[in-house]
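Each chain, letter by letter, is given below.
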Amino acid sequence: MSTDTGVFNLKFLANYPSLVGLCVAIGIGLLIGAERERQKATRANLKSAGIRTFAVVSILGAVGVLLGDTLLLAIIALIVGLLALVSYQRVDAQDHGMTTEMSLLLTCLIGGLAIREPLVAAGLGTILAGLLAARNQIHYFVKGVLTEHELHDAILFLAATLILLPLAPDHAIGPFNAINPHTVVSLIVLIMGVSAIGYISTRILGYKFGLPLAGFAAGFISSTATIHAMGVRASKHPLQMKAAVAGAVLSSIATILQMALIVTFIQPSLMKELYLPLLLGGLAACAYGLLLIAKGLELGAAREEDNLGHAFNLKTAILFAAVVSLVMLFSAALNDWFGSRGIMLAAIFSGLVDAHANAASIASLVSANKISLHDAALPIMMGLTTNTIIKAVVAVYAGGKAYASKILPGLVFMIAAVWLGVYL
């Protein structure tokens, strides 16, 4: 009985979308107004808009859209903005902020948006209320926790992610159509992001636990990029060497897990040929990484570094993306020269860039019945092997001999376990 009533209510609301929008507008006004009312209660000299004003303004925006569409909403918003400005000028001089006045104007616009996009309006209203409620926490974080160079890094990362990345053309250019600008910029942003993850984890958990955890998580994005970022950090902060190496090695576990998921999704039957090599390789990398973490814990009395440096290095990220682009160009040239005559050759060189892409392409060939399950295992393992080799090269380049000498045994141990699984 209750189920039928619930379905009836949903059908009723679906027939009256404007009613849904009005309800959302009222809820948004009450939510934001309630937060502002509490702020008035904590500050005796504050005489600004409260819960009733915000609710009325939100409804006013919704009604404006219902009666006159966008033009009337613009006029109403202009009037609300002027009234908010007059209210701001009449407030005591001790209150210098315009947060309430701007929130009032934004609530009017969100109320109008609720008529057309109730879900988007509800989300924006909740975010606005959350920002207003977290005033003290945000101020403390910006002034007391965030350092100046961290703020600079955050702005640089957001600029690259929100401005440069969307503007980069998403099509192949250059010789052999091998270079995709959007992919190159994505790789730069990826390097910056992986390095930032390690930096944040180190600040929260300390480098002994933060870097290994960050390395494992970032490995699902790109293990090679993670090894590069960890190498840069290890070269600049020698005390973090073992933790950085552990994070780099543990990122290879993520590579194997992600490869298994991709192959299972595309061609589940292929995992019968791959499960043992991938299982042994993952266990080997996990054992070596945990061993490094344990050795790091033995140095419990070692001093944590106060200066963690910058979250990322933009120059090294750009240089790494340029090197990968050259490898992609070389692989495309080989493919153009030799065609489809050698799947193994293609697997070897595609593995230099991305082991997951190679595994996905081979699994797709199996799904199309172009190669057999048995013949597919070896090219995938060769791609993983060349990918491991390029990781070793990146380790030497990014972290120097000290870093590479510690990570190479883990990589060798892992790939040896993989080929043992192939043999068995």
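Further up the page is the structure itself.
Residues numbered from 1 in each chain as written. Predicted model: local features only at pLDDT ≥ 70, side-chain atom pairs only at ≥ 80, totals over all residues. Heavy atoms only, no water.

Visitor: Looking at this structure, how should I read helix α10 (residues 223-236)?
Guide: An α-helical turn contains 3.6 residues, so any two residues separated by three or four positions project in the same direction. The terminal C-alpha atoms of α10, which comprises 14 residues, lie 20 Å apart, in line with the 20 Å expected from a rise of 1.5 Å per residue. Judged by how many residues are buried, α10 sits mostly within the fold: twelve of 14 residues are covered. Three or more residues of α10 are buried, namely Ser 223, Thr 224, Ala 225, Thr 226, Ile 227, His 228, Ala 229, Met 230, Gly 231, Val 232, Arg 233 and Ala 234. (Helix = DSSP H or I, 4+ residues; strand = E, 2+ residues; numbered from the N terminus. Expected span 1.5 Å × (residues − 1). Buried < 20%, exposed > 50% of the residue type's maximum accessible area, 1.4 Å probe, protein only.)

Visitor: Whenever I open this one, the pattern of salt bridges confuses me. Can you help?
Guide: Opposite charge on two side chains allows them to pair when their charged atoms are near. Counted by the stated rule, this structure contains one salt bridge. Measuring nitrogen to oxygen at the nearest pair gives 2.7 Å for the salt bridge that ties Glu 35 to Arg 36. Using a relative accessible area of 6% as the deciding quantity, one classes Arg 36 as buried. (Salt bridge = Lys/Arg side-chain N within 4 Å of Asp/Glu carboxyl O.)

Visitor: I'm lost on the packing of α10 against helix α16 (residues 373-423) in this one. Help?
Guide: The geometry of a pair of packed helices is captured by two quantities: the angle between their axes and the separation between those axes. Interhelical geometry of α10 versus α16 gives an angle of 10° and a closest axis separation of 9 Å. With respect to each other, α10 and α16 are oriented roughly parallel. Contacts between α10 and α16 involve Ser 223, Thr 224, Ile 227, His 228, Met 230, Gly 231, Val 232, Ala 234 and Ser 235 from the first element and Asn 387, Ile 390, Lys 391, Val 394, Ala 395, Tyr 397, Ala 398, Gly 399, Tyr 403 and Ile 407 from the second. (Axes fitted to C-alpha atoms, helices over the stretch in contact; angles between N-to-C directions. Parallel < 35°, antiparallel > 145°, perpendicular 65-115°, else oblique. Contact = heavy atoms within 4.5 Å.)

Visitor: So what exactly am I meant to see when it comes to α16 here?
Guide: Taking 1.5 Å of rise per residue, 51 residues should cover 75 Å, yet α16 covers just 16 Å from first to last C-alpha, more than 12% shy of that figure. At Gly 400, α16 shows its strongest bend, of approximately 135°. (Bend = angle between axes of the 7 residues up to and from the residue.)

Visitor: Looking at this structure, I do not really get the packing of α10 against helix α11 (residues 241-266). What am I missing?
Guide: The interhelical angle for the contact between α10 and α11, taken along N-to-C directions, is 180°, at an axis separation of 9 Å. With respect to each other, α10 and α11 are oriented roughly antiparallel. Here Ser 223, Thr 226, Ile 227, Met 230 and Ala 234 of α10 come into contact with α11, specifically with Met 241, Ala 244, Gly 247, Ala 248, Ser 251, Ser 252 and Thr 255. Of the residues assigned to the contact of α10 with α11, the class counts are six nonpolar, six polar and no charged. (Nonpolar A, V, L, I, M, F, W, Y, C, P; charged D, E, K, R; others polar.)

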